[in-house]
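Structural description and commentary
Listed below are the residues making up each chain.
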Amino acid sequence: MPLAIELDSVQPWTSFTTGLNRRGCKFVGWLKRLCRWEFWPPYLFYPPVIVYIAYLGIRFRSWTLFTAANPAIPASGFVGESKHQILEQLKGAAAWLPCSTLLEGEVPAERIPEAENFMRRHGLHFPVVLKPDAGQRGSGVAIVRSPEQLSEYLTHSSFPAILQEYVPGEEYGVFYYRYPGSERGRVFSVTEKRMPVLLGDGKRTLEELILADDRAVCMADFYLRKNSERAHEVPPAGERVQLVEIGTHCRGAIFLDGRETITPDLEEVIDRIAKTFNGFFFGRFDIRVPSRQDFMAARKIKIVELNGVTSEATHIYDPNLSLFDAYRVLFEQWRIAFEIGRINRARGIRPASVADLCNATCEYRRLAQSYPE
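Residues numbered from 1 in each chain as written. Predicted model: local features only at pLDDT ≥ 70, side-chain atom pairs only at ≥ 80, totals over all residues. Heavy atoms only, no water.

1. Here we look at the overall build of the protein
Broken down by element type, the protein carries 13 helices and 11 strands. Relative to a compact globule of 373 residues, whose C-alpha radius of gyration would be 21 Å, the protein shows 21 Å and is just as compact. For the protein, the C-alpha atoms occupy an extent of roughly 65 × 50 × 40 Å along the three principal directions. In the protein, which comprises 373 residues, the proportion classed as buried is 54%. A fraction of 76% describes how many contacts in the protein between residues 6 or more apart in sequence connect residues 24 or more apart. Total accessible area on the protein is roughly 17,200 Å²; 54% of this is exposed by carbon and sulfur atoms. Positive and negative side-chain charges of the protein, numbering 46 and 45 respectively, have mean locations separated by a distance of 5 Å. (Helix = DSSP H or I, 4+ residues; strand = E, 2+ residues; numbered from the N terminus. Rg over C-alpha atoms; globule rule 2.2 N^0.38 Å. Buried < 20%, exposed > 50% of the residue type's maximum accessible area, 1.4 Å probe, protein only. Contact = heavy atoms within 4.5 Å. Areas by Shrake-Rupley, 256 points an atom, 1.4 Å probe, with all protein chains shown as cover. Lys, Arg positive; Asp, Glu negative; His and termini not counted. Charge placed at Lys NZ, Arg CZ, Asp CG, Glu CD.)

2. Some words on the confidence of the model for the protein
Averaged over every residue, the pLDDT of the protein is 92; residues scoring 70 or more account for 94%. Here residues 9–19 scores under 50 on pLDDT; set against residues more than four positions off or in separate chains, the count is 17 contacts. (pLDDT = per-residue confidence, 0-100.)

3. Notes on the side chain of Arg-111
Here Arg-111 lies in helix H6 (residues 108–121). For the buried Arg-111, no salt bridge exists, and the shortest N-O distance to an oppositely charged side chain is 6.8 Å, to Glu-114. A polar contact is formed between the side chain of Arg-111 and the backbone oxygen of Ser-157, at a distance of 2.6 Å. Contacts of Arg-111, omitting those with residues within four sequence positions, involve Leu-103, Glu-104, Gly-105, Glu-106, Leu-154, Ser-157, Ser-158, Phe-159, Pro-160 and Ala-161. (Salt bridge = Lys/Arg side-chain N within 4 Å of Asp/Glu carboxyl O. Polar contact = N/O pair within 3.5 Å; in protein donor to acceptor, adjacent residues only side chain to side chain.)

4. Some remarks on the packing of aromatic side chains
All told, the structure shown has 26 aromatic pairs when counted by the stated rule. Ring plane angle 85° and centroid distance 5.0 Å describe the contact between Phe-175 and Phe-282, whose orientation is recorded as edge-to-face. Residue Phe-175 is located in strand S6 (residues 170–177), and its partner Phe-282 is located in strand S10 (residues 282–289); the two are separated by 107 residues in the primary sequence. Of the two residues examined, Phe-175 and Phe-282, each falls in the buried class. Residues Tyr-177 and Phe-188 carry aromatic rings whose centres are separated by 6.1 Å and whose planes lie at 70° to one another, so their mutual orientation is edge-to-face. With Tyr-177 in strand S6 and Phe-188 in strand S7 (residues 186–199), this residue pair connects regions lying 11 residues apart in the sequence. Residue Tyr-177 is classed as buried on the basis of its relative accessible area of 10%. One aromatic cluster in this structure is built from Trp-37, Phe-45, Tyr-46, Tyr-52, Tyr-55, Tyr-317, Tyr-327 and Phe-331. (Phe/Tyr/Trp six-rings, centres within 6.5 Å; stacked < 30°, edge-to-face > 60°.)

5. Here we look at helix H2 (residues 22–35)
The end-to-end C-alpha distance of H2, which contains 14 residues, comes to 20 Å, matching closely the 20 Å that a straight helix rising 1.5 Å per residue would cover. Gly-24, Cys-25, Val-28, Gly-29 and Lys-32 are the residues of H2 that are buried. Taken around the axis of H2, the buried residues stretch over an arc of 145°, which confines them to a single face. (Expected span 1.5 Å × (residues − 1). Arc of directions from axis to C-beta.)

6. Details of the layout of surface pockets
In this structure, the second largest pocket encloses a volume near 1,000 Å³. As for the second largest pocket, its lining consists of 28 residues, and the residues nearest its centre are Ala-142, Ile-143, Lys-226, Glu-245 and Glu-373. The set of elements that each furnish at least two residues to the lining of the second largest pocket consists of strand S4 (142–144), helix H7 (147–155) and helix H9 (220–226). For the lining of the second largest pocket, the residue count by class is 10 nonpolar, 9 polar and 9 charged. (1 Å grid on protein atoms, 1.4 Å probe; cavity = no way out; pocket = protein on both sides within 12 Å on 5 of 7 lines; lining within 4 Å. Points joined across faces, edges and corners; volume = space filled by probe spheres on them. Nonpolar A, V, L, I, M, F, W, Y, C, P; charged D, E, K, R; others polar.)

7. Thoughts on the pairing of strand S2 (residues 100–103)
Covered by surrounding structure in S2 are Ser-100 and Leu-102 together with Thr-101 and Leu-103, the residues of both alternating faces. Across 4 bridges, the pairing between S2 and strand S5 (residues 161–165) is antiparallel. Looking at the pairing, Leu-103 lines up with Ala-161 of S5. (Pairing = 2+ DSSP bridges.)

8. Structural notes on the nonpolar core
In this structure, Phe-45, Ile-210, Tyr-223, Leu-243, Phe-282, Ile-316 and Phe-338 are the most contacted members of the largest nonpolar core, which totals 53 residues. Take this core: its biggest share by element is 9 residues, from helix H12 (residues 323–346). Ranked by size, the runner-up nonpolar core spans 27 residues in total, among them Ile-73, Trp-96, Phe-285 and Ile-287. (Core = buried A, V, L, I, M, F, W, Y, C linked by side-chain atoms within 4.5 Å.)

9. Observations concerning the packing of H6 against H7
Between H6 and H7, whose axes approach to 9 Å, the crossing angle comes to 140°. Judged by the angle between their axes, H6 and H7 are oblique. Considering how the two elements wind past one another, H6 and H7 form a crossing that is right-handed. Judged by residue contacts, Pro-108, Arg-111, Ile-112, Ala-115 and Glu-116 of H6 engage Leu-150, Ser-151, Leu-154 and Thr-155 from H7. (Axes fitted to C-alpha atoms, helices over the stretch in contact; angles between N-to-C directions. Parallel < 35°, antiparallel > 145°, perpendicular 65-115°, else oblique. Left-handed = near helix turned anticlockwise from the far one by under 90°.)

10. Section: the packing of helix H4 (residues 47–59) against H12
Across the interface, H4 lies against H12 with an axial gap of 10 Å and an inter-helix angle of 30°. One way to sum up the angle between H4 and H12 is to call them roughly parallel. H12 is crossed by H4, and the crossing has right-handed handedness. Residues Pro-48, Val-49, Tyr-52, Ile-53, Leu-56, Gly-57 and Arg-59 of H4 form the contact with H12, whose own contacting residues are Tyr-327, Leu-330, Phe-331, Trp-334, Arg-335 and Phe-338.

Laid out in structure tokens, this is it:
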């Protein structure tokens, strides 16, 4: 499993919350979310970024120039791109890819045997990962641990889904870019993804532990939904309870700035992998690896996903980074995307139109309505 991080309740906070009911604790959690910008909703956090993108559009004489950053990906990966097609174009880096396939059919009677046959042919055992072919922010991703769970997921989903080998270990996000024509690319950002863990005390239920924790209370509604079956159980003293297992910030994972893990070995391997994808210059690799040491040495890494132009340098969500630092990073990221787009436009690549982006967004939202929680 990915590296976990324990959520330590602060004693004064714990004693304060014991006098509050469940609703009161959740209200305090809501207030704390407002004070911690990493938990802000998009409509509160992104307006300055949108204003800056508008400025770049004026400066570079194209509102959508960033969609020329990755010519090999539709609209450079703005929204709704096929994750399976992206992985297929990375086949030149097959040694760094987990085994996966696309289940396109809508009929469970066909998709379930197809999934089982694929697992049998490639020697895969449970758990495996199922996720939508077009997805964002961990939407619809599930770690499936039994034939029954596999059948349930595929029975209740009609969208194209990827079946992927489950890669145990720690998870990292590596943001990479390379200017067209340049010999070497650069690792712009590394995010260490940690899974939150609470320590049982043999007295309080998991729900009470979540509501009493200084950080977990900020996402109490989500954590309680994800752990509804055991929310009223009392974990034994010293037992570590992992709250989530998907490495997505909006789904409960903790993101830390991993800049100290950037090594020459890591940059060399990521650059080599990226260059196998002709027409890719800008985006984030989501990587699984056995240990931090293996990651820094670029050993035994597996790329579970590659995201395009709207992916973020997610280390900005480190609780120790200021809001100013986050905006500075995002502004630089978007400036680079426009600069790469300008070079590709000069090479004959046509940016997507505003209408194209609106249509892609509407289509993705329609599709995502059927994704499981």
